[in-house]
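Report on the structure
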Amino acid sequence: MSSSKKIRVLVAKPGLDGHDRGAKIVARALRDAGMEVIYTGLRQTPEMVVSAALDEGVHCIGLSILSGAHNALFPKIMELLKEEGIDDVLVVGGGIIPEDDISELKKAGISAIFGPGTPLDEIVEYIKANVKL
Amino acid sequence: MRDDSKLRDSTKKWEDETVAKTIKRFPEREESFKTISGLPLKRLYTPSDLKDLNYEKDLGFPGQYPFTRGVQPTGYRGRFWTMRQYSGFATARETNQRFHFLLEQGQTGLSIAFDLPTQIGYDSDDQLAQGEVGKVGVAIDTLADMEVLFEGIPLDKVSTSMTINAPASVLLAMYIVVAEKQGVSMDKLRGTIQNDILKEYVARGTYIFPPTPSMRLITDIFKFCSQNMPLWNTISISGYHIREAGSTAVQEVAFTLADGIAYVQAAIDVGLDIDEFASRLSFFFGSHSDFLEEISKFRAARRLWARIMRERFKAKDDNSCKMRFHTQTAGCTLTAQQPDNNVVRVALQALQAVLGGTQSLHTNSRDEALSLPTEESVQIALRTQQIIAHESGVGDTVDPLAGSFYIESLTNAIEAKAMEYIQKIDDMGGASVAIERGFIQREIHDAAYQFQKSVDETKRIVVGVNKFTVEEEPQFDYLRVNPKAEKEQLTELKKIRTKRDDNQVKHALKVLRDAAESDTNLMPSIIEAVKVYATLGEICGVLREIFGEYRAPDIL
């Protein structure tokens, strides 16, 4: 990883969920850690998330859902990324996501899931270590 | 003002001699202590801290202005608070079963959680609803769903709270029609619609329309209910979500009351008399983790609202000055780690709310940082309230903590600091402008970020998260929403769409459109549309076309 290049991250809220405390805190922490962060705001369809990721040329997408719609929306986003031929973007997720759902989400291509209580540093370090620049 | 020079002298002597000696040998844990909201704390509070307190003016008696000691003259000696567990998931059929379970367990009021498509005015078969149907609450598309939801529940016997905001008129209309079919007229209905759009823009996110038409929908409801539904709470002005989004206690009080001021002003501006509608306004707060600060917060909010209503809005009726509120224990304090510990957190937070004089209470379940709660977890949460009510004895005398030097000092401090914020918001032009400029959002976000950092830096301890951690075991059972719920809901909706009379629906929607384009009260035409099984999405669709949709400013 070259140290001169800045990591660009899209923090996105797919679905209709309005809980954005976590997404915004993570966005700010990534920014404070020196990354360039684009926050989508609420109510993004999977299509909107993927097109924002393309437009912004990000290296990482952080998805946040607390409504329980993750099993439908996370894999859909991964599918659309694949259709666009994107396989080098790191995708991570967070929210209220039950333990038994995690393995399926990982199979779909989500690299890591950060649940409640995760220290911000852990997320920052994970992205730094796993992102492809 | 009392002369307390003698007491001040002896306090100083105690500090210089006794305390200093102790601290030399056993230093205090912190250099300075603060509440969880950052208010500075003294080592000790004495009568000197309350020398300016005027009992009759500042505290008064329970049930009397300024209601610092509660809105009920006899506190909980007559009747306990309403035990009201927020619930709803999957289809109306499944939620109806949970309601019956809760009522059998001794719950005294219903509180409905709607799924996100319902809250944002989309039908279950809308493309945007995909994956969200029945997830965080029950899916309601038409009157038919509401009929099933309340099957076997006599609406003249229960009070029902509905967490619904942007489409509040539509759900209220459905409730009225279901009651009518049960033979219960709307003047007998008791309950609450949340109907608080301003906090949706800053903290909760289920807005549909821009502020101006949203305020009109709200004042239409105020007007309609003041004439037809004297027992109905027309709004629940909510600090809960502001606090959950990360605000401090002071901000929670300030921003909630600033929103309240905006609603009252809007109603006055459309010609309503303050004493006609103000007694049906209700409030909703969170109960966070700082025990004594929260008790003081409830008391401060009550007094401040009473003073605003009397001094600013010139309310004559004491009932207009009464702040009645619902409380929910703070969801954001629940941990996914060692989830059984949450039972203890919830018990403390519930006790705070009771000591603060709440009118109704929801206690969270231990597993809510992981998923929707199981029936067993909900039962423990409800039992927590029942133990406080029937075993602890705290409800047997009114406002038992009044007069505590600390509680009264903190009550004063929270009131004063909240008033400073309200003044600042007034100077900007009121809550709507402050929201438009992103001021309130930024204040909340800053507080949330600071809090998270203090946890990450272990300046603040969260048991089981950043201290006293264990290797986590995989969790016990959690409630999985029936995966077939979405499909079942779609089938039901399809049935209704084919069964109903489309011409009637078309006509009702046309009447609604005309009302929306004029300044006719919208409630009657929404009731008519609901009666002929127009869907929630169709009704909100008409309003979307005329009112437009709100786009949130990008605030980080």
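The shown structure was predicted, so the numbers you read here are calculated from the model rather than taken from an experiment.

1. Looking at the overall build of chain B
Within chain B, the regular secondary structure consists of 21 helices and 12 strands. Against the compact-globule benchmark of 24 Å for 556 residues, chain B has a radius of gyration of 24 Å, which places it among compact chains. For chain B, the spread of C-alpha atoms along the principal axes amounts to about 85 × 60 × 50 Å. Of all 556 residues assigned to chain B, the portion counted as buried reaches 58%. In chain B, of all internal contacts separated by at least 6 residues, the share reaching a separation of at least 24 is 78%. Approximately 23100 Å² of chain B is accessible, and the part contributed by carbon and sulfur atoms is 51%. Of the side chains in chain B, 67 bear a positive and 78 a negative charge, and the two mean positions are spaced by 4 Å.

2. Comments concerning the sheet that holds strand 5 (residues 112-114) of chain A
Residues and elements named next belong to chain A. Spatially, 2-1-3-4-5 is the arrangement adopted by the five strands of the open sheet, whose pairing is parallel. The strands lining the two open edges of the sheet, one partner per strand, are strand 2 (36-39) and strand 5. Each adjacent strand pair in this sheet contributes to an overall mean axis angle of 20°, direction not counted. Relative to strand 2, strand 1 (residues 8-12) is paired through four bridges, and the arrangement is parallel. Bridging from a neighbouring strand, Arg 8 pairs with Glu 36 of strand 2. Strands in contact with helix 3 (residues 70-83) are strand 3 (60-65), strand 4 (90-95) and strand 5; relative to strand 3, the strand with the most contacts, it is inclined by about 160°.

3. Topic: the interface of chain B and chain A
Across the boundary between the two partners, chain B contributes 41 residues, which contact 34 residues of chain A. Taken together, both faces of the contact between chain B and chain A bury some 3000 Å²; the carbon and sulfur share is 53%. In this structure, A:Arg28 engages B:Asp446 in a salt bridge whose closest nitrogen and oxygen atoms are separated by 2.8 Å. Remark: the boundary between chain B and chain A carries 10 residue pairs in polar contact (both at pLDDT 80 or more). The set of elements that each furnish at least two residues to the side of chain B that touches chain A consists of helix 4 (116-119), helix 7 (198-204), helix 9 (240-244) and helix 17 (439-456) of chain B. Broken down by element, the side of chain B that touches chain A gets its largest block of residues, nine residues, from helix 17 of chain B.

4. Brief notes about the nonpolar core
The nonpolar side chains of soluble globular proteins are, as a tendency, buried together. Counting residues in hydrophobic clusters, the biggest one holds 160 residues, and the most contacted among them are B:Met146, B:Met162, B:Leu171 and B:Leu257. If one sorts the elements of this core by residue count, helix 10 (residues 249-269) of chain B sits on top with 12 residues. No fewer than three residues from each of domain 1 (55-456) and domain 2 (485-547) of chain B sit in this core. Residues contacting B:Met162, with those up to four places away along its chain left out, are B:Ile112, B:Phe114, B:Met146, B:Leu171, B:Leu172, B:Tyr175, B:Thr192, B:Ile193, B:Gln194 and B:Trp232. In this structure, A:Leu10, A:Ile61, A:Ile65 and A:Val89 belong to the second largest nonpolar core, which totals 25 residues.

5. What about the domain arrangement of chain B?
Residue and element names in this part refer to chain B. Under the domain assignment used here, chain B contains domain 1 (55-456) and domain 2 (485-547). Each of domain 1 and domain 2 has a C-alpha centre, and these two points are 28 Å apart. Summed over both partners, the interface of domain 1 with domain 2 buries about 3000 Å², with 67% contributed by carbon and sulfur atoms. Looking only at domain 1, the three residues that lose the most surface to domain 2 are Val 170, Phe 209 and Arg 216, adding up to 18% of its buried area. Run the count over domain 1 and domain 2 and you get three salt bridges. The shortest N-O distance in the salt bridge between Arg 497 and Asp 123 comes to 3.2 Å.

6. Here's the deal with the side chain of B:Gln337
Of note, B:Gln337 is situated in the loop between strand 11 (325-329) and helix 13 (341-355). Within polar-contact distance, the side chain of B:Gln337 engages the backbone oxygen of A:Pro116 at 3.0 Å. Among residues more than four places away in sequence, those in contact with B:Gln337 are A:Pro116, A:Gly117, B:Gly464, B:Val465 and B:Glu472.

7. Quick word on the environment of B:Ser287
Residue and element names in this part refer to chain B. Within the fold, Ser 287 resides in strand 10 (residues 281-287). For Ser 287, a relative accessible area of 0% corresponds to the buried category. Spatially, the C-alpha atom of Ser 287 lies 9.9 Å from that of Glu 244, the residues being 43 residues apart in sequence. Excluding residues that lie within four positions of it along the chain, Ser 287 makes contacts with Glu 294, Phe 298, Thr 327, Gln 328, Thr 329, Ala 330, Gln 349, Gln 352 and Ala 353. One polar contact links the side chain of Ser 287 to the main-chain carbonyl oxygen of Gln 349, over a distance of 2.8 Å. Side chain to side chain, Ser 287 and Gln 352 meet in a polar contact 2.8 Å long.

8. Some details on the pattern of salt bridges
Enumeration over the complete set of coordinates arrives at 45 salt bridges over all chains. A salt bridge links A:Lys13 to A:Asp17; the nearest nitrogen and oxygen atoms lie 2.7 Å apart. One salt-bridge network, in which partners are shared between bridges, spans B:Asp123, B:Asp125, B:Arg497, B:Arg500, B:Asp502 and B:Glu538.

9. Some details on helix 1 (residues 5-25) of chain B
Here helix 1 of chain B is 21 residues long and its end C-alpha atoms lie 30 Å apart, about the 30 Å a rise of 1.5 Å per residue gives. The largest bend in helix 1 of chain B is about 35°, located at B:Val19.

10. Observations concerning the side chain of B:Gln489
Residues and elements named next belong to chain B. For Gln 489, the location among the structural elements is in helix 18 (residues 485-499). Residue Gln 489 is classed as buried on the basis of its relative accessible area, which comes to 2%. Looking at Gln 489, its side chain comes within polar contact range of the side chain of Asp 145, at 3.2 Å. What Gln 489 contacts, discounting residues up to four positions off in sequence, is Thr 91, Ser 124, Val 133, Ala 139, Asp 141 and Asp 145.

11. Some points on helix 10 of chain B
Residue and element names in this part refer to chain B. Helix length check: helix 10 (21 residues) gives 30 Å between terminal C-alpha atoms against 30 Å at 1.5 Å per residue, within 8%. Of all the 21 residues making up helix 10, 18 are buried; the element is thus mostly covered by neighbouring parts of the structure. Count one or two residues on from helix 10 and you reach Gly 271, which has phi positive near 100°.

12. Some points on the packing of helix 13 of chain B against helix 14 (residues 375-390) of chain B
Residues and elements named next belong to chain B. In contact at an axis separation of 10 Å, helix 13 and helix 14 are set at 45° when each is read in the N-to-C sense. As the angle between them shows, helix 13 and helix 14 are arranged oblique. The handedness of the crossing between helix 13 and helix 14 comes out as right-handed. From helix 13, Val 343, Ala 347, Ala 350, Leu 351 and Val 354 reach across to helix 14, where they touch Ile 380, Thr 384 and Ile 388. Along the lines of polarity and charge, the residues of the contact of helix 13 with helix 14 split into seven nonpolar, one polar and no charged.

About the thresholds
Residues numbered from 1 in each chain as written. Chains lettered and ligands numbered in written order. Predicted model: local features only at pLDDT ≥ 70, side-chain atom pairs only at ≥ 80, totals over all residues. Heavy atoms only, no water. Helix = DSSP H or I, 4+ residues; strand = E, 2+ residues; numbered from the N terminus. Rg over C-alpha atoms; globule rule 2.2 N^0.38 Å. Buried < 20%, exposed > 50% of the residue type's maximum accessible area, 1.4 Å probe, protein only. Contact = heavy atoms within 4.5 Å. Areas by Shrake-Rupley, 256 points an atom, 1.4 Å probe, with all protein chains shown as cover. Lys, Arg positive; Asp, Glu negative; His and termini not counted. Charge placed at Lys NZ, Arg CZ, Asp CG, Glu CD. Pairing = 2+ DSSP bridges. Axes fitted to C-alpha atoms, helices over the stretch in contact; angles between N-to-C directions. Buried area = accessible area lost by both parts, 1.4 Å probe. Salt bridge = Lys/Arg side-chain N within 4 Å of Asp/Glu carboxyl O. Polar contact = N/O pair within 3.5 Å; in protein donor to acceptor, adjacent residues only side chain to side chain. Core = buried A, V, L, I, M, F, W, Y, C linked by side-chain atoms within 4.5 Å. Domains from an automatic or database assignment. Expected span 1.5 Å × (residues − 1). Bend = angle between axes of the 7 residues up to and from the residue. Parallel < 35°, antiparallel > 145°, perpendicular 65-115°, else oblique. Left-handed = near helix turned anticlockwise from the far one by under 90°. Nonpolar A, V, L, I, M, F, W, Y, C, P; charged D, E, K, R; others polar.

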